[in-house]
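Chain and residue survey
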Amino acid sequence: MKKIILIIALVFVSNTIFAQQSVFDKFDGQDRVTSVIVNKKMFSLLSKMKVEDKETQQYVNLIKKLDNLKVFVTDSDVKATEMKATADKYMKTAALEELMRINEKGKSVKIYVKSGATESQVKELLMYIEGSGKEETVLMSLTGNFDIDELS
């Protein structure tokens, strides 16, 4: 009986650990992909800055509510295609709703959000910029629990 309980506990713990990884983490460390990853600990350190003006204090208040920022940039057509497929699949499966879409001169920008407790609360913001020609493709994921008004 103890073995069964231990196995069940290990399954739940491993699911929790793997669930914390993002589907986009596979792009981290790949050739021809520049990645910037900022975790909650860094946001926590940044939020301890002493500020004197109101505008900077608003940024600090927003930073306190962020968990992760992941940005992946590539100029490789192969990596861009892979990013697009991953982002499209994630947008469909993660219950994200479209916030905004822009198409201009062959460049497409899509912004999606996962809402929180209220309509203006956001748990995740996903931005995908599809480059064309020599333009870079950018994939950005911002997670936390923040108000969309604070982000603007």
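See the structure shown above.
Scope of this entry: the structure provided in the associated data block.

Cut-offs used in this document
- One numbering rule holds for all chains: residues counted from 1, following each sequence as written.
- Totals for whole chains, interfaces and linings use all residues, but because this is a predicted model, local features are given only for residues with pLDDT of at least 70 and pairs of side-chain atoms are given and counted only at 80 or more.
- Only hydrogens and water are set aside; all other atoms, that is, all heavy atoms of the structure, feed into the side-chain values.
- The way it works is that DSSP assigns letters per residue, a run of H or I at least four long becomes a helix, a run of E at least two long becomes a strand, and they are numbered from the N terminus.
- Between buried and exposed lies partly exposed: a residue is buried under 20% and exposed over 50% of the maximum accessible area for its type, with that area taken using a 1.4 Å probe on protein chains only.
- Just to be clear on terms, a salt bridge is a Lys or Arg side-chain nitrogen sitting within 4 Å of an Asp or Glu carboxyl oxygen.
- Strands qualify as paired when DSSP identifies two bridges or more between them.
- All axes are obtained by fitting lines to C-alpha atoms, using only the stretch in contact for helices, and the reported angles, taken between N-to-C directions, cover 0 to 180 degrees.
- Contacts between residues were defined by any pair of non-hydrogen atoms, one from each residue, lying within 4.5 Å.
- Here, nonpolar core refers to any group of buried Ala, Val, Leu, Ile, Met, Phe, Trp, Tyr and Cys residues whose side-chain atoms link them within 4.5 Å.

Digging into unusual backbone geometry
With a phi close to 70 degrees, Arg32 is a non-glycine residue in the positive phi region. Within the fold, Arg32 resides in the loop between helix 1 (2-19) and strand 1 (33-38). Accessibility expressed as a relative area gives 53% for Arg32, which makes it exposed. Not every positive phi belongs to a glycine, and Ala95 is a case in point at roughly 55 degrees.

Here's the deal with the pattern of salt bridges
For the coordinates displayed, the defined rule picks out six salt bridges. Residue Asp75 pairs with Arg32 through a salt bridge whose shortest N-O separation is 3.1 Å. Highlighted residues: Asp75 in the loop between strand 2 (66-74) and helix 4 (77-93) and Arg32 in the loop between helix 1 and strand 1, separated in sequence by 43 residues. Here Arg101 and Glu98 are joined by a salt bridge, their closest N and O atoms 2.8 Å apart. What makes Arg101 exposed here is its relative accessible area of 52%.

Re the sheet that holds strand 4 (residues 107-115)
Hydrogen bonds along the backbone pair up the strands of a sheet, which may run parallel or antiparallel. A sheet is described by the order of its strands in space; here six strands give the open sequence 1-2-6-5-4-3, paired in antiparallel fashion. The sheet is open, and its two edges are formed by strand 1 and strand 3 (97-104), each paired on a single side. Adjacent strand axes in the sheet meet at a mean angle of 10 degrees, parallel and antiparallel pairs treated alike. Where helix 4 meets the sheet, its contacts fall on strand 1, strand 2, strand 4, strand 5 (121-130) and strand 6 (137-147), and the angle it forms with strand 5 comes to roughly 150 degrees.

Focus on the pairing of strand 5
Counting buried positions along strand 5 yields eight of ten residues, so the element is predominantly enclosed. Relative to strand 5, strand 4 runs antiparallel, the two being bridged by eight bridges. If you follow Lys114 over to strand 5, its bridge partner there is Glu124. Counting the residues that bridge the hairpin from strand 4 to strand 5 gives five residues. Sheet analysis places strand 5 next to strand 6, joined by eight bridges and oriented antiparallel. Its bridge partner being in strand 6, Met127 is matched across the sheet by Met140.

Things to note about the nonpolar core
Within the largest apolar cluster, 18 residues are counted, with the highest numbers of intra-cluster contacts made by Leu66, Leu125, Met127, Met140, Leu142 and Phe146. Elements with a minimum of two residues in this core: helix 3 (54-63), strand 2, strand 4, strand 5 and strand 6. In contact with Leu66, other than residues within four places in its own chain, are Lys40, Phe43, Leu142, Thr143, Gly144 and Phe146.

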